[in-house]
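Fold and geometry: a report
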Amino acid sequence: QTSITEHLKFIPYLFFHYMIWLFLVYVAEYMINQSLFESLYYPNTHIGGYCLEQNVQYKWYQVTYQIGVFISRSSVSFFHIKFFHVMSLLQIINFVFLFLEVIYQFIPLFWITIIIVLYEGLLGGAVYANAFYAISKKIDPTHREFSMGLASAADSTGVAIAGVLSAFVHNYICSLG
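Residues numbered from 1 in each chain as written. Predicted model: local features only at pLDDT ≥ 70, side-chain atom pairs only at ≥ 80, totals over all residues. Heavy atoms only, no water.

Another point: the overall build of the chain. If you tally the helices and strands in the chain, you get five helices and two strands. Reading the secondary structure of the chain in the N-to-C direction produces α-β-β-α-α-α-α. The C-alpha extent of the chain, read off along each of the three principal axes, is 65 × 35 × 20 Å. With 177 residues in all, the chain has 42% of them scored as buried. Partitioning the intrachain contacts of the chain with sequence separation of at least 6 by distance along the chain shows that 82% fall at a separation of at least 24. Side chains of the chain give 7 positive and 9 negative charges; the mean places of these two sets differ by 13 Å. (Helix = DSSP H or I, 4+ residues; strand = E, 2+ residues; numbered from the N terminus. Buried < 20%, exposed > 50% of the residue type's maximum accessible area, 1.4 Å probe, protein only. Contact = heavy atoms within 4.5 Å. Lys, Arg positive; Asp, Glu negative; His and termini not counted. Charge placed at Lys NZ, Arg CZ, Asp CG, Glu CD.)

Right under this line is the structure:
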């Protein structure tokens, strides 16, 4: 049985190798989903003769995002990404890019944004799957269960923080008119 003191000494390693990257990818990802999706709207977008209104575009973003997450979480059985910190940083860039798109509307087509949203889901799912895969394979069994719990807390905390921050970001976007 591993003592609490031994687990506590292990936290800095977990924090810098896994927790911070899970936290950051989830903050950026859920900031996109909760504060930007509603405002990413492309008038006069059609598919099969039907106009895609704002609420329909929002649904497409959600489905596309989930497809990306599904694909990347499923891919961990086929290949592993060791440098998932890079994907967390790319997700932050993704948030900034889409935030600027909401404000300046420089992307000409809805379908380009759909590809970016798919990429968002791929990044988030890949960080999640590969971080937990790495913990399951690299962390000593005496710390593995503790590590999985802390990693879960890191991503859940990221989602919660994003929820709070998203309210402010969304209100700011709405104040721009």
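Taken as a whole, this structure holds 16 aromatic pairs when the rule is applied. Summarising the aromatic geometry, the rings of Y26 and Y128 are spaced 6.3 Å apart at their centres and angled 70° between planes, so their arrangement reads as edge-to-face. Residue Y26 is found in helix α1 (residues 4–36), and its partner Y128 is found in helix α4 (residues 110–138); the two are separated by 102 residues along the sequence. Exposure remark for Y26: the relative accessible area of 4% places this residue in the buried category. Since its relative accessible area comes to 26%, Y128 is described here as partly exposed. The interplanar angle of 20° and the centroid separation of 6.4 Å between the aromatic rings of F99 and Y172 together place this pair among those described as stacked. With F99 in helix α3 (residues 84–104) and Y172 in helix α5 (residues 141–175), this pair connects stretches of sequence that are 73 residues apart. The partly exposed category is assigned to Y172, whose relative accessible area is 44%. Grouped by ring-pair contacts, the aromatic residues F37, Y42, Y58, W60, Y61, F110 and W111 constitute a single cluster. (Phe/Tyr/Trp six-rings, centres within 6.5 Å; stacked < 30°, edge-to-face > 60°.)

Before going further, it helps to examine α5. Look at α5: 51 Å from first C-alpha to last across 35 residues, which is about the 51 Å you get at 1.5 Å a residue. At L165, α5 shows its maximal kink, close to 30°. Among the residues of α5, those classed as buried are H143, S147, L150, A151, A154, D155, G158, A162, S166, V169, H170 and I173. Check the buried side of α5 and you find it contacts α1, α3 and α4. (Expected span 1.5 Å × (residues − 1). Bend = angle between axes of the 7 residues up to and from the residue.)

Time to look at the environment of Q57. By the secondary structure assignment, Q57 is in helix α2 (residues 54–74). Look past the residues within four positions of Q57 in its chain and what remains in contact with it is L40, Y41, Y42, T45, L52 and F110.

A word on the nonpolar core. Of all hydrophobic cores here, the largest spans 24 residues; its most connected members are L36, F37, L40, Y61 and F95. Elements supplying a minimum of two residues to this core: α1, α2, α3, α4 and α5. At five residues, the largest contribution of residues to this core is made by α1. Other than its neighbours up to four places away in sequence, F37 contacts I32, Y58, Y61, Q62, Y65, V117 and E120. Core analysis: the next-biggest nonpolar cluster, separate from the first, contains 22 residues, F84, A126, F132 and L150 among them. (Core = buried A, V, L, I, M, F, W, Y, C linked by side-chain atoms within 4.5 Å.)

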